[in-house]
Structures are given as structure tokens and as C-alpha cells.
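Understanding the architecture of this molecule
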Amino acid sequence: MIKKIIEWLIVNWLSLTSPIIVFFACIVISIWARRRLFRYLEKVFSQRNWNNKDIFLNTTKTPFFQWCIILGAYISFQLSPVPDQFKTFFGKILSSIFIITLTWTIIMLIERIFRIYLKKLDIIPSGTTRMIISGLKIAFSIVAILIMLDLWGMPVTPLMLLLFIGVLTALFAGRDEILNIFAGFEVARNNLIKVGNYIKLETGEEGYIFEIAKTYIHIKSPDNKILLIPNSKILRSVVTILSEQPKRATQPFRFSSRLHLKELTGLKAKNIQELVDILKTVDDSIIYYHTHNFIEEFQYLTPQPANDFALWVSDALGDHVLGEKLSNVDTFEFSTIGALRERIINVIQEEISKRHEIKDTLPGREFHFIRSLSAVIPTSYVAHDLREFIEILRVVSLDTLYFHVFESRLRLHKGVNDFSIWINDCLGEKTLADEIAVLDPYSYTLEGLRTMIINLIEKNLEKDYAVG
Amino acid sequence: MPLDKDLSYQSKAKLHDYVPIVGRGTIEALYTLAEALSGKTVININSTFSGGGVAEILTRMVPLLNQLGVDTRWMVIKGNEDFFTVTKKFHNALHGRKENITPEDYDLFLDVGKKNVEEMQLTGDIIFVHDPQPIILISKKEEVGERWIWRCHIDVSNPDMDVWNFLYPYIIHYHGTVFSAPNFTRKLPNRQFLIHPSIDPLSDKNRELPESTIDQVLNKYGLDREKPIILQVSRFDYLKDPVGVIEAFEMVRKSIPCQLVLAGGTATDDPESDKVLEEVRDRASNNNDIHILLIPPESDVEINALQRAATIIMQKSIKEGFGLTVTEALWKAKPVVASSVGGIQLQVKNKFTGLLCHSIDGAAYALKLLLTNPEYAMQLGKNGQEHVKQNFLITRHLKDYLMLFLFLYYDNDVIYL
């Protein structure tokens, strides 16, 4: 038996050894070629300053070696004396191995380069990166499988058709999601916005960006609500970046509101003597009501009527001279209700001293003294900087504006409005605080006053610019 | 047995529906106030579930207060026709009109009142009594409730003193009283609050209507849309002076083509309405341009359509409570000609939000002025609408009620919630 084998080997030694020799020769040549090729590529990449050359070379080095072996094995098999059907079968196995390694190499290469590229756009969330890479891996794997199936003679046309339909369906179902992902990528690529920006969309949504996710941008609105804005919407609409994060206040400004109720006192005057007598005795909340009632009740009027005393003296008594004098009492001049009361009393008494006769009004047209009752209530609005402050100021009720400007200054004896106090004490913006403090709020409608204050603060903030 | 209003009807309007009209801050403030009243139960008591301004306001207010989280209920006292005849006399007498009120009338009022005191199963913390009919319920003050309020919707500044003195001992036992206007009051030892009534911009009576609906209503009543419409909406009541309106219209009609619509209904507590209606029909019978429309209480859309179709809206009352029909007219941006009485003076600032008159001649002059100067009329209407938006919508009324309930527990002028 052994003798027979030896004889067979002597007869066929050439058929056996030549493939092995060819196999090793191929490996040696291809390794040599690989080395030359890599040196050349390194040189070319270096000349062109391609930053990813190391990734490319390191990733493909081992696969190239594998491909050299596969090539050697394939050629040697073709030269071997094995039957043709074995050659074909073995050729398919080697081709399949080659496709697998090639696919794997491409996937690894893309993943590594893509990761580095996306990392430079630090705005792209990790979730998006993972998703894109996974998508590419799946796509290349599917292509590789289809090629292999075709190689092994399997019918791929129905599979491709199915795949095509599946992809189309998925694209259709997730079109918004896909759109948002790509929009997010575009936003990031162009570095349009970043976390900390205060943005305002043409559709009205506004707030600070505090997170940029793969499909949505999260913003915090002035009333502390979290809004999710789809990335595609950001790209489609005009977005105004109102500012980078402005200076933070040492203490936030908490907006309050004030609601009032009218309490009747039962006191009434039918002439100016009775008016002044009662004025001397009533409490501050009554003086406050009659010098501020018109602001709320007729705040849409321009110019606003003066205090209730002036109106009554003119309308009910027909005493236009005294009416004008009382209208000219400038409430803004006074920092206490007591001082304001004194001035009103003096004006009336001065007129009484000049009169020989005190005229009564008609029955039913007496002056009724009313007390103002106030409930100060907290709101959900809190401002940490001037940008937040003006965006809140745009939306708060007129009661809120009224409270901080009128009620706090005079009724709560602060002497100056709450806004100026906060801007000066907590933001250190003395000039702006003074500009607001010297605004005479009695000369504006409440809406007009709101606009004036916003304009003053806007000027103080950096100039807006728009993108979109 | 006294009745307890079934609240299952619950108003269709939700609080957030008012945000586009009054702003979010206003609604949020209401919730804050309501929270401060957490755990309190409010019981509203009046004499009828339908007809008249009080029932109309409560129909809207009670569900909204409940939406805010304030447990609010509505009950009515029970009374027969004789009782309501007496209370109608009381109502007129408190307005200052001379009425023949006999000792038997007072006895009947007391008897029905006492029966209600005995039969009504009252619970709750804040008992809110509306108008004189249920006023005797204050006798239960020691048994029920923490705070009792009497809401007077009538102008009692110049009342028949017999009736006032009869009611006075009951009134002064309430913790607080509420009036609609400063000049409706009399000096009282207890606290008096001023709360104006209001209208609901989302109710059938005030919401926007499509033109097709307005046309349908005009066709139904045979009104010509091409001819200017002068409208007065009110119950058929001497105090609304419907005959005076007809006389003013006839003066205008001599020189300007136009039509007059007197639209109104009757209330269950107003037995006099039928008599007034008959008189008005007689007075108008010879004039084809005068339309007397007896409209049932539930016809809010029809009233709304008539007001929106009107060229000018009148309210020529001799005496008036607050005059919600004026508020409705102003809200629809209509030029208004109204008597300078009662709460109308708070709503119509002469030559700014409408025109005030003091006589039939004055009313006729104002009508002519507006019919011949449509741009001026339009400007008055626009100002009037803004005035109502600021001061006479239901959200302001809700705020006032919540504040009232709260301040009954405080003596300070300023409270911090």
C-alpha cells in the first residue's frame, strides 16, 4: 500500500507540488505587492494631508493579507489536478470568504472615518451617529449577501424586489423621522445654532436651546415649558437667534400679578367741601383706588383720563377749572400715597378759599369713595436674564405689569418699580435700571408702557440676527 | 320643596376657551385664586333657574367656578304665584316705584320665606343669596355656613322706605353685601363690595354667528335687512319704557327710513310682563315698521342674531339694574343709545362708547345722529367693544367672585397668596 502511494507520488509529484509552489509564490508576491502598495498609498495620503490615512491603512492591512492568501489558494486550486466540479465549488467558497472580508473591511473603514467626521460636528447627537452607521452596516451587509446568493446560483431578483418594496415602505413610514434626522445633520453641518442660543421661530415658538437630539431640538420657553421643535421645522422656517446666553442675574425675577376688588365705603360727597373733608380721613387704599382706577378701567385709551377726583369735579360739578388743576397733579411725582393725598387736598382747599359758594351736584351723581383690595399672586414666570425677562414681559397679563410698575412703587412703598430694582441689584445694569425708573408710567397705556420697557431692554441687549 | 339645580348640564365653554379673548395670564390667575379657596363650598340661592339676569349669570358662572375647582352649587327657593307677585312689588319698590304693598303682602313674604328656611337643606361654607326673594334664609346663619353674602342686583339708592326698612334687619346680618354700581347702594353697617355683572363672550347670546344664521332669523321675523334696524332687547316691563322707544322711533321714522324691533320675553317671577306686552302691541299696531317679538327665554341665538343685524341698539330704561343688554350690544361693537340711568352710566361713556339720553327727544336726536353718521357710529361701537373686553366679561366677574369669597376671610387691604 505504501509502495503504491510512493509510486503515485513519483508519477504525479509535479501536479501536486506545482500548486503548492504557486500558492506560496503568490503569497510572497502579493505580500511584496501589498507592501509596495501601502508605501505608495502612505506617500500619496501624506502628500495630500489626508488625516484619515492611518485609519485606512490600519484597517486594510490585515484584510489585504487575507486576500493574498485567498488569491494564492484560488490560483493553486485552479492549477491542481482535482476535478473541475471541486474547483468550482472551492472557488465559490473562496469568493464568498473574499466578499465577507471585503464587506467587513468596508464597514469598519466607513464606521471609523464616519465617527471621526461626525465627532468634529460635536452638535450631532450620539444617537444619530449610531443610527447612520448601523444603517450603512445593514446596507452593505445586504449587498454582500445578495452577491453571495447570486454567486451560489440562488434567485436574487424576487429578494431584491421584496427588499426594494420593504425599503420604500420603511422610507414612507419614517419619512418625517428621516427628514428630521437629515435636517438635524444639515443644521449641525452648517453650525446654525447651538445649545444656549435663544431662538424664536416665525411660527411664534421661542426659548433657550438646551438639547439638540437626533430628531428634535428641545427649547425652554419663557414660561418654563419644554417645547420639542422638529429639526425639519428649524430648517424650513425663519429662525431668529436673539442672543447668546446673556448675563445671568444673581437672583431670578419672579413675576407676580395683582388682582383687585372694589369695596364700597358708604362714604359719598356731593360737593368739593365734603370731598376734601372725607379725603382727610379716609385710608390710603381709598386714595390709591381713586388715583389708579382709570389705569385699569380705561387702559386702552390714549391719552388716559386723569384721577377720579378730577373727572368727577369736571363731569358732575361742571367745575372745569378745579378739574384741570386736579388733572395736573402728577401722581408720578410722589413716592408715598400720603404725600399725594396732601397735594390733592391742598389743590381743592386752595380753590375753596377763593369761592363764595360751594355748588352741589345733582342727586345720584355724588362721589362714592371706594377702597381697593388687592391679592398679590405668584405666576409661573421666572426670568434669569434680560432676554428671558423681555420675552416674559411680552406675554404676561396687564395685571402683572400693573403690579410691578404701579402697585409696588406706590402702594407697597418701594418708591421705584420692581423691574428697575431687579435690573440694578441683580444684574448690575444701573443705566438701564435708571432709564426704566424715570419712565412716567402714567403717561402711557399699559400696552404702551409694556412696549416702552421692552424697547429699552432690547436696545441694551446685543443686536439680533436672523438665519433660516 | 326647594329646588337644587342639576348641574349635569355643565356649560360647554371651558376656561381655556377664553384664553384667545382675555389671555392666558388672566385664566392662570383665576386658578391661583381658586386654589386659595380649596375645600370651601359655595351655595348660590335665588328664586328662579330661568329668565332674568341673575339666572343667566348663574347659569354660566356656576359651571365655570366648578371647573376652577371651587365646589359651587345653585339652589332656588320655592314660591307660588302670589309670592312672586309680592316680590315683584318689592323689586319695583326698591327701585323707587310706588307700589301698593299691604300688610298681607309682608305676611305672605314672611310665611314663604320661613317655609323655605324650614325646608331647605342647606350645607356649605359660603352662602351666596341673590336679591330679596330668599333674603330671610339668613335666619339659618347660626346653623349653616361660615360666611353669608347678600348679592343685591337692584338699585336701592332711592327705595320705598317701608320695603327697605322691612328688609334691613335681614340685610345687616349678612357678613357682606354686593352691589352692581356705587350709586345703587345705601349706607349699611356691614361690608359692601362692588361687583359689576358681566356677559359671556362664548355664550349663544354673544358668540360670533354666521351670516346665514342672521339671515334666517331676520326672515323668520319678517325683517328687512336692507332697512336700518333699531333694536331694543328687554323684558316687557314699564321700567324699560318700550312705549318711549316707540315714540322716539316715530320721530326718527318721519325723515329716515328705518324699522324698530322690540324683542323680549317674560320671566317666571314677573307677572306684570303680559300686561305691558299687550299695551305695547296696541301702541304699535298701526305701524308696519314696528316689530314686537315675544321671544322665549331659550332663544339666545335669535337675540344674538337680532343684535348683530341691528344698526343701532337702544336701552331706554327709566330705571335699570346694570343693563346687560347694553353690555351685549357694546360687545358686538354696535352703537348704543341708552338712558343715563343705573349701571348704563358705567358702560356708556357719553360720546365715547355710545350716546346717553335723558328724554324721548334726546333718544330721537341720538338715533338720527347715528343713522346719518355711520362712521361715527362705527367708532363708538369699536370703543364700546374694547370697554366691555376690559371690564365686563365673565372672566372679570369670576375673578371678582373669587376675590370676594377670599376677602370675606381677611380684613387686610392687601393679601399675598
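Not measured: the values here are computed from a predicted model. (Residues numbered from 1 in each chain as written. Chains lettered and ligands numbered in written order. Predicted model: local features only at pLDDT ≥ 70, side-chain atom pairs only at ≥ 80, totals over all residues.)

**Brief notes about the overall build of chain B**
- Looking only at helices and strands, one finds 15 helices and 14 strands in chain B.
- Across the 417 residues in chain B, those meeting the buried criterion constitute 50%. (Helix = DSSP H or I, 4+ residues; strand = E, 2+ residues; numbered from the N terminus. Buried ≥ 20, exposed ≤ 12 C-beta atoms within 10 Å, placed from the backbone.)

**Focus on the environment of A:Cys68**
All names here are of chain A.
- With respect to the secondary-structure elements, Cys68 resides in helix H2 (residues 53-79).
- In this structure, the C-alpha to C-alpha distance between Cys68 and Ile27, residues 41 residues apart in sequence, is 5.6 Å.
- Aside from chain neighbours lying at most four places away, what touches Cys68 is Ile27, Ser30, Ile31 and Arg34. (Contact = placed C-beta atoms within 7 Å.)

**Quick notes on the nonpolar core**
- Core analysis: the biggest nonpolar cluster contains 178 residues, and B:Leu33, B:Leu231, B:Leu306, B:Val337, B:Leu367, B:Leu402 and B:Met403 have the highest contact counts within it.
- Looking at this core, the element that brings in the most residues is helix H15 (residues 394-407) of chain B, giving nine residues.
- When we break this core down by domain, the ones giving at least three residues each are domain 3 (254-372) and domain 4 (380-464) of chain A.
- In this structure, A:Tyr198, A:Ile209, A:Ile219 and A:Ile229 belong to the second largest nonpolar core, which totals twelve residues. (Core = buried A, V, L, I, M, F, W, Y, C linked by C-beta atoms within 7 Å. Domains from an automatic or database assignment.)

**Looking at the interface of chain B and chain A**
- Counting residues at the interface gives 32 residues for chain B and 26 residues for chain A.
- Listing elements by their share of the side of chain B that touches chain A, those giving two or more residues are helix H2 (24-36), strand E7 (191-194), helix H14 (374-391), H15 and strand E14 (414-416) of chain B.
- For the side of chain B that touches chain A, the residue count by class is 15 nonpolar, ten polar and seven charged.
- In the sheet, strand E7 (residues 367-385) of chain A pairs with E14(B) via three bridges, with the strands oriented parallel. Note that in E14(B) the partner of A:Ser374 across the bridge is B:Val414. (Nonpolar A, V, L, I, M, F, W, Y, C, P; charged D, E, K, R; others polar. Pairing = 2+ DSSP bridges.)

**Thoughts on the packing of helix H4 (residues 81-94) of chain B against helix H5 (residues 103-119) of chain B**
Residues and elements named next belong to chain B.
- In the contact formed by H4 and H5, the axes pass within 9 Å of each other and the chain directions differ by 115°. For the crossing formed where H4 meets H5, the hand is left-handed. Side by side, H4 and H5 meet where Asp82, Phe83, Val86 and Lys89 of the first sit next to Asp105, Leu108, Phe109 and Val112 of the second. (Axes fitted to C-alpha atoms, helices over the stretch in contact; angles between N-to-C directions. Left-handed = near helix turned anticlockwise from the far one by under 90°.)

**Here's the deal with the sheet that holds strand E13 (residues 355-357) of chain B**
Residues and elements named next belong to chain B.
- One open sheet accounts for six strands, arranged E10-E9-E8-E11-E12-E13; its pairing is parallel. A strand with exactly one partner marks an edge of an open sheet, and here the two such strands are strand E10 (290-294) and E13. On average, each strand axis in the sheet is tilted by 20° relative to the strand beside it, whichever way the strands run.
- Here strand E11 (residues 312-315) runs beside strand E12 (residues 336-339); their pairing, made up of three bridges, is parallel. Its bridge partner being in E12, Ile313 is matched across the sheet by Val336.
- Each of strand E8 (229-233), E11 and E12 is contacted by helix H11 (residues 324-331), which is oriented at about 160° to E12, the strand it contacts most.

**Comments concerning the packing of helix H13 (residues 386-395) of chain A against helix H17 (residues 446-460) of chain A**
Residue and element names in this part refer to chain A.
- It is at 10 Å that the axes of H13 and H17 come closest, and there the two elements cross at 160°. One element, H13, and the other, H17, form an angle in the roughly antiparallel class. As for the relative orientation of H13 and H17, their crossing is left-handed in sense. Residue-level contacts link Leu386, Phe389, Ile390, Leu393 and Arg394 of H13 to Arg450, Ile453, Ile454, Ile457, Glu458 and Asn460 of H17.
- For the contact of H13 with H17, the per-class residue count stands at seven nonpolar, one polar and three charged. (Parallel < 35°, antiparallel > 145°, perpendicular 65-115°, else oblique.)

**Some remarks on H17(A)**
Residues and elements named next belong to chain A.
- Between its terminal C-alpha atoms H17 stretches 22 Å, which fits the 21 Å expected from 15 residues at 1.5 Å a residue.
- Listed in full, the buried residues belonging to H17 are Leu446, Leu449, Ile453 and Ile457. The buried side chains of H17 occupy one side of the element, clustering within an arc of 65° when seen end-on. Relative to its buried face, H17 has exposed residues pointing more than 90 degrees away, namely Asn455 and Lys459. (Expected span 1.5 Å × (residues − 1). Arc of directions from axis to C-beta.)

**Concerning helix H15 (residues 418-425) of chain A**
All names here are of chain A.
- Residues of H15 that are buried include every one of Phe419, Ser420, Trp422 and Ile423, and no others. When H15 is viewed along its axis, its buried side chains cluster within an angular range of 165° and face the same direction.
- Looking at the packing, one finds that the buried side of H15 touches strand E6 (248-269), helix H14 (398-411), helix H16 (430-437) and H17.

**Re the confidence of the model for chain A**
- Within chain A, residue pLDDT values average 84, and 93% of them lie at 70 or more.
- When mean pLDDT is taken per element in chain A, helix H8 (residues 272-281) of chain A scores highest with 96 and strand E8 (residues 465-467) of chain A scores lowest with 40. (pLDDT = per-residue confidence, 0-100.)

**Concerning the environment of A:Glu177**
Residue and element names in this part refer to chain A.
- In this fold, Glu177 is placed in helix H6 (residues 175-189).
- The class for Glu177 is partly exposed, based on 14 C-beta atoms found within 10 Å.
- Counting along the chain gives 38 residues from Glu177 to Thr215, while the straight-line C-alpha distance between them is 6.5 Å.

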